[in-house]
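Given next are the chains, with one letter for each unit.
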Amino acid sequence: MASFKKLGLSDSILKVLKELGFEKPTEIQEESIPQLLEKNTDFIGLAQTGTGKTAAFGLPLLERIDPDSKATQALVLAPTRELGQQIAEQLYTFSKYLDKVNVLAVYGGAPIQGQIKALKRPQQVIIATPGRLIDLIKRKAVKLGEVQYLVLDEADEMLNMGFKDELDEILSYTPDDKLTWLFSATMPQEIKRMVKKFMDQPIEVKVNTKNEVNVNITHQYISVKSRDKSDAMIRILDSDPDIRGVVFCRTRMDTQNLAEFLMRKNYRADALHGDMSQAQRDKVMKRFKSKSLQVLIATDVAARGIDVNDLTHVFHYTLPDQIEYYTHRSGRTARAGKKGVSISFIGGGDQYKIKALERRLGIDFTQFQIPSAADIVQLAADKWAQGVLDTNEGGKIDDEILEKVNLQFADLSKEELVAKVLLNQLQRLDIDSDRDLNDTVRQRSGGSGGSSGGRFRRERNDRGKGGYKGKKKFERSDRSDRSGGGGKKKHKSKSEGKSKDFKSRYKKKKKG
Ligand code: ADP
Ligand code: MG
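From a predicted model like this one, the values you see are computed outputs, not experimental measurements.

Residues in close proximity to ligand 1 total 15 residues, the closest being Lys24, Gln29, Gly50, Thr54 and Asp307. Contact distances for ligand 1 include 3.2 Å between an oxygen atom and a backbone N or O atom of Thr51. Between ligand 1 and Gln90, the relevant distance is 3.4 Å, taken from an oxygen atom to a side-chain nitrogen or oxygen of the residue. Contact with the protein chains covers 80% of the free accessible surface of ligand 1, which is 570 Å². Residue classes in the shell around ligand 1 are distributed as 3 nonpolar, 9 polar and 3 charged.

Written out as structure tokens, the structure reads:
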């Protein structure tokens, strides 16, 4: 693989890359940088999230800026404030040894006055979200008449968020002879249309978007009824305290509900979605990055492009409508050569989506059994016992106190004492029942099971307003109706019996 030096970058940039520990370019960087440095052409770069697209356009962009001109020469458009800030941070760092090149980010959700003031100084590179930029143009705070480079970053997301009209408007303020560089993870129809409209014979570079990021990811699914999803989430979190991940939901409402549910149960979780104020979102991200949050419950848009490493898991609480999004979401884990797990929550009617994902993405899924409450109790007991064994009590408790407590327990055998202490410990688990949450009612494919149909209601399709309308949907070819209501009944009564038994064993009273 080539070095950054061979790509034609200047010493000032090479120096900072070295400081950042960027040893060699990623594939998209290797393909993009030389062309963007040399050719005066429009450009399309397609590569998954986390593959270093910012440097792929950012480095050549900074190299091409004329530091002696004070005009705004480059405009980078990003769909969200978070992404805009991340791009700005990276470009700012990359420009460390480039004298006189200024980089400024402007975005909604922050006071406009400060941005207007900053725009009075020369800013050769402006990173902006579309809405705020239009506002600033209208106030004549920003001038785009000398823009030579326009970068559309995360272009697919920009369109998903409904910024089409804003883009039209912004582009009308820029010179016709500028170069347009478009970067995106996916290439839906709308982008193809946009490319036709706004770009002139672009060079297109596409980096293997399918397997590269997914190679270290284990794809799993759990079969679970909608109403059991939140309990299943808890079981999974309880079964492995080392989990650190993002839970993707399709709607803001789902995101909020799940986050609140988990927080009520004292999990270190919080939500990230578009209805939150910028300050709230920043705060949540900060906590997640610093690991004081274990799980982030997010919508696709809010989590898009957010750069957090060390995630062990990605959960698809609801599968996305658009297949590309699955890869996108899963790509949040297994970064930098690490391994990761991507777990999809599958309702009965969603089974065909797993097949479609396997076929379209060339990956294999295995079913993950939702841990039983007994499994979790076992784990917790083991962990507790190990913790007790590892405790070094020597001289740390006052002899008098120790003696007194020993007297209190004098009539108990060791077995009785252990049982009591363990029960006391396990009650904190707050497990409501040991119902089997695995939805064991199997979907039959091929129709051999004689489908009566309509026995079960399909899951409601409550995708968010302005969602992925018109996008490529999952193919439904291998879908079949399910039957087997009797199985469901039997299953239920069995678990109810078990549940009672469990409660009497482990649970005295639900905590207030
Ligand atoms: P994308 O825009 O494709 O989602 P980013 O540009 O945000 O990806 O980069 C993801 C992460 O990878 C960032 O933390 C960035 O600093 C890092 N990164 C980018 N290029 C390299 C490289 N060549 N070597 C090491 N790390 C890199
Ligand atoms: Mg990016």
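Further remarks concern the packing of aromatic side chains. As enumerated under the stated definition, the model contains 8 aromatic pairs in all. Ring plane angle 80° and centroid distance 6.4 Å describe the contact between Phe315 and Phe345, whose orientation is recorded as edge-to-face. Of the two residues, Phe315 sits in strand β12 (residues 313–316) while Phe345 sits in strand β13 (residues 340–346), which places them 30 residues apart along the sequence. Phe345 matches Phe315 in its accessibility class, with the two residues each being buried.

Overall, parallel pairing links the 7 strands, which are arranged β3-β4-β2-β5-β6-β1-β7 in an open sheet. Two strands bound the open sheet, and with one partner strand each, they are β3 (103–106) and β7 (203–206). Sheet twist, expressed as the mean angle between neighbouring strand axes with direction ignored, is 15°. Where strand β5 (residues 149–152) and strand β6 (residues 179–184) come together, 4 bridges link them in parallel fashion. The residue of β6 that forms the bridge with Leu152 is Leu182. Here helix α2 (residues 27–38) sits on the sheet and contacts β1 (43–46), β6 and β7; the angle it forms with β1, its principal contact strand, is near 170°. Strand contacts of helix α3 (residues 53–64): β2 (74–77), β3, β4 (125–128), β5 and β6, with the helix running at about 160° to β6, the strand carrying the most contacts.

This part takes up the pattern of salt bridges. Under the criterion given, the structure shown has 13 salt bridges. In this structure, Arg281 engages Glu82 in a salt bridge whose closest nitrogen and oxygen atoms are separated by 3.0 Å. Here the residue Arg281 occupies a position in helix α13 (residues 278–289), and Glu82 occupies one in helix α4 (residues 81–94), the gap between them amounting to 199 residues. A residue is classified by how much of its surface remains accessible, and Arg281, at 8% relative accessible area, is buried. For Glu82, a relative accessible area of 6% corresponds to the buried category. Here Arg329 and Asp300 are joined by a salt bridge, their closest N and O atoms 2.7 Å apart. In this pair, Arg329 sits in helix α15 (residues 323–330) while Asp300 sits in helix α14 (residues 300–303), placing the two residues 29 residues apart along the sequence. Asp300 gets classed as buried once you look at its relative accessible area, which sits at 6%.

All right, on to the side chain of His328 then. Assignment of secondary structure puts His328 in helix α15. Given the relative accessible area of 7%, His328 is considered buried. The contact partners of His328, leaving out residues within four places of it in the chain, are Gln48, Thr49, Ala185, Thr186 and Arg304.

One open sheet holds the 7 strands; their spatial order is β10-β11-β9-β12-β13-β8-β14, and the pairing between them is parallel. Both edges of this open sheet fall to β10 (269–272) and β14 (365–367), since each of them pairs with a single strand only. Each adjacent strand pair in this sheet contributes to an overall mean axis angle of 25°, direction not counted. Here 7 bridges tie strand β8 (residues 217–223) to β13, and the two strands are oriented parallel to one another. Counted as the bridge partner of Ser223 is Ile346 from β13. Strands in contact with α13 are β9 (245–249), β10 and β11 (295–299); relative to β10, the strand with the most contacts, it is inclined by about 135°.

In contact at an axis separation of 9 Å, helix α11 (residues 229–239) and helix α17 (residues 373–390) are set at 25° when each is read in the N-to-C sense. Taken together, the axis directions place α11 and α17 in an arrangement best described as roughly parallel. Considering only the axes of α11 and α17, their crossing is left-handed. Residue-level contacts link Arg235, Asp238 and Ser239 of α11 to Ala373, Ile376 and Leu379 of α17. Its residues placed into classes, the contact of α11 with α17 shows 3 nonpolar, 1 polar and 2 charged.

Cut-off values and rules
Residues numbered from 1 in each chain as written. Chains lettered and ligands numbered in written order. Predicted model: local features only at pLDDT ≥ 70, side-chain atom pairs only at ≥ 80, totals over all residues. Heavy atoms only, no water. Near = heavy atom within 4 Å. Polar contact = N/O pair within 3.5 Å; in protein donor to acceptor, adjacent residues only side chain to side chain. Areas by Shrake-Rupley, 256 points an atom, 1.4 Å probe, with all protein chains shown as cover. Nonpolar A, V, L, I, M, F, W, Y, C, P; charged D, E, K, R; others polar. Phe/Tyr/Trp six-rings, centres within 6.5 Å; stacked < 30°, edge-to-face > 60°. Helix = DSSP H or I, 4+ residues; strand = E, 2+ residues; numbered from the N terminus. Buried < 20%, exposed > 50% of the residue type's maximum accessible area, 1.4 Å probe, protein only. Pairing = 2+ DSSP bridges. Axes fitted to C-alpha atoms, helices over the stretch in contact; angles between N-to-C directions. Contact = heavy atoms within 4.5 Å. Salt bridge = Lys/Arg side-chain N within 4 Å of Asp/Glu carboxyl O. Parallel < 35°, antiparallel > 145°, perpendicular 65-115°, else oblique. Left-handed = near helix turned anticlockwise from the far one by under 90°.

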